[in-house]
Amino acid sequence: MKAKQLWERFIEENPEYRNETYVAWQYGVVPDELADLTVRGIKTATSSAYECYSLEDEALPKIGEWSIILDSKDDARCLTRTTAVSIVPYNEVTSEHAFKEGEGDRSLAYWKDVHKEFYSKVYEKNGLEFNERIPVVCEEFRVVYK
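Residues numbered from 1 in each chain as written. Predicted model: local features only at pLDDT ≥ 70, side-chain atom pairs only at ≥ 80, totals over all residues. Heavy atoms only, no water.

### Describing the overall build of the protein
Part 1 of the reasoning: Secondary structure assignment for the protein yields 5 helices and 5 strands.
Part 2 of the reasoning: Listing each helix as α and each strand as β along the protein from the N terminus yields α-β-α-β-α-β-β-α-α-β.
Part 3 of the reasoning: On C-alpha atoms alone, the protein measures out to a radius of gyration of 15 Å, which is about the 15 Å that the 2.2 N^0.38 rule sets for 146 residues.
Part 4 of the reasoning: Principal axes of the C-alpha set define a box for the protein whose edges measure 45 × 30 × 25 Å.
Part 5 of the reasoning: Here the protein holds 146 residues, and the buried ones make up 37% of them.
Part 6 of the reasoning: For the protein, restricting intrachain contacts to residue pairs at least 6 apart in sequence, the fraction spanning at least 24 positions comes to 70%.
Part 7 of the reasoning: Summed over its atoms, the accessible surface of the protein is roughly 8,300 Å², and 48% of this surface lies on carbon and sulfur atoms.
Part 8 of the reasoning: Counting 19 positive and 28 negative side-chain charges, the protein places the centres of these two groups 4 Å from one another. (Helix = DSSP H or I, 4+ residues; strand = E, 2+ residues; numbered from the N terminus. Rg over C-alpha atoms; globule rule 2.2 N^0.38 Å. Buried < 20%, exposed > 50% of the residue type's maximum accessible area, 1.4 Å probe, protein only. Contact = heavy atoms within 4.5 Å. Areas by Shrake-Rupley, 256 points an atom, 1.4 Å probe, with all protein chains shown as cover. Lys, Arg positive; Asp, Glu negative; His and termini not counted. Charge placed at Lys NZ, Arg CZ, Asp CG, Glu CD.)

### Let's talk about helix 1 (residues 3–13)
Part 1 of the reasoning: Turning to helix 1, its buried residues are Ala-3, Leu-6, Trp-7, Phe-10 and Ile-11. For helix 1, the angular spread of buried residues about the axis comes to 135 degrees, placing them on one side. Opposite the buried face of helix 1, at more than 90 degrees from it, the exposed residues are Lys-4, Glu-12 and Glu-13.
Part 2 of the reasoning: On its buried face, helix 1 sits against strand 1 (22–25), strand 3 (66–70), strand 4 (76–89) and strand 5 (135–145). (Arc of directions from axis to C-beta.)

### Notes on the packing of aromatic side chains
Part 1 of the reasoning: In this structure the tally under the stated criterion is 13 aromatic pairs.
Part 2 of the reasoning: Between Tyr-17 and Trp-66, the aromatic rings sit 4.9 Å apart at their centres with planes inclined by 65 degrees, giving edge-to-face as the arrangement. Placement of the pair is Tyr-17 in the loop between helix 1 and strand 1 and Trp-66 in strand 3, with a sequence separation of 49 residues.
Part 3 of the reasoning: Assessed through its relative accessible area of 24%, Tyr-17 is described here as partly exposed.
Part 4 of the reasoning: On the basis of relative accessible area, Trp-66 is assigned to the buried category, the value being 3%.
Part 5 of the reasoning: Measuring from centroid to centroid gives 5.0 Å for Trp-25 and Tyr-27, while their planes differ by 85 degrees, and the two rings are edge-to-face.
Part 6 of the reasoning: For Trp-25, a relative accessible area of 23% puts it in the partly exposed group.
Part 7 of the reasoning: Judged by relative accessible area, which is 4%, Tyr-27 ranks as buried.
Part 8 of the reasoning: An aromatic cluster is defined as three or more aromatic residues linked by ring pairs; in this entry it consists of Trp-7, Phe-10, Tyr-17, Tyr-22, Trp-66 and Tyr-145. (Phe/Tyr/Trp six-rings, centres within 6.5 Å; stacked < 30°, edge-to-face > 60°.)

### Overview of the pairing of strand 2 (residues 45–49)
Part 1 of the reasoning: Of all 5 residues making up strand 2, 4 are buried, and the element is well covered by its neighbours.
Part 2 of the reasoning: Of the pairings in the sheet, the one linking strand 2 to strand 5 comprises 5 bridges and is antiparallel in character. Paired with Thr-46 across the strands is Glu-139, a residue of strand 5. (Pairing = 2+ DSSP bridges.)

### Looking at the nonpolar core
Part 1 of the reasoning: Among the nonpolar cores identified, the biggest contains 13 residues, and Ala-49, Tyr-90, Trp-111, Tyr-119, Phe-130, Ile-134 and Val-136 are the most heavily contacted of them.
Part 2 of the reasoning: Elements with a contribution of two residues or more to this core: helix 5 (108–125) and strand 5.
Part 3 of the reasoning: It is helix 5 that provides the largest number of residues to this core, a total of 4 residues.
Part 4 of the reasoning: Among all residues touching Val-136, those that are not within four sequence positions of it are Ser-47, Ser-48, Tyr-50, Ser-86, Ile-87, Val-88, Tyr-90, Val-93, Trp-111 and Tyr-119.
Part 5 of the reasoning: Within the second largest apolar cluster, 11 residues are counted, among which are Ala-3, Trp-66, Ala-76 and Tyr-145. (Core = buried A, V, L, I, M, F, W, Y, C linked by side-chain atoms within 4.5 Å.)

Written out as C-alpha cells, the structure reads:
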C-alpha cells in the first residue's frame, strides 16, 4: 500500500482529520528494520542532525505533525503523530531518548556509536566537520494507524 492509500483509509475511518496533511518518509539507514520497530511500538522516537534540514531544504518536525513511515520500497507501514520535538547538542541526548529510539540494546552508548558514525559521514559528504556539540533534532511520536 502506498502512502496516499494509507492516508485515505485513515481519513475514511477518522473523517475529523480530513483537512489535515501528512509527510511520507523513510528512515535514512536500514529503513525496513526501523519501520518494523516503529510498527511494533518499540521505536517511538528518532533523531536527525539539525544541519541536514537546511541542507535538504526541509522543515523541522512539529508537534501534531502526521507522518507516514515508508519501507525501502516506499510502501506505507504506519501513520505516526509527532508528540514532542527538541533540539539539543549531540552530547546532551539523554539515555531516555536513546531508549525510545528502540535500536540495538537501546542504550545511550549504542545510540552515540551509531549516530556518531552516521552523522560524521553526512557531515563529511557536505563539507562539514562533526563534533559532539552539533545540534540534534530529537522527535518523539506515537503510532496512530497501521
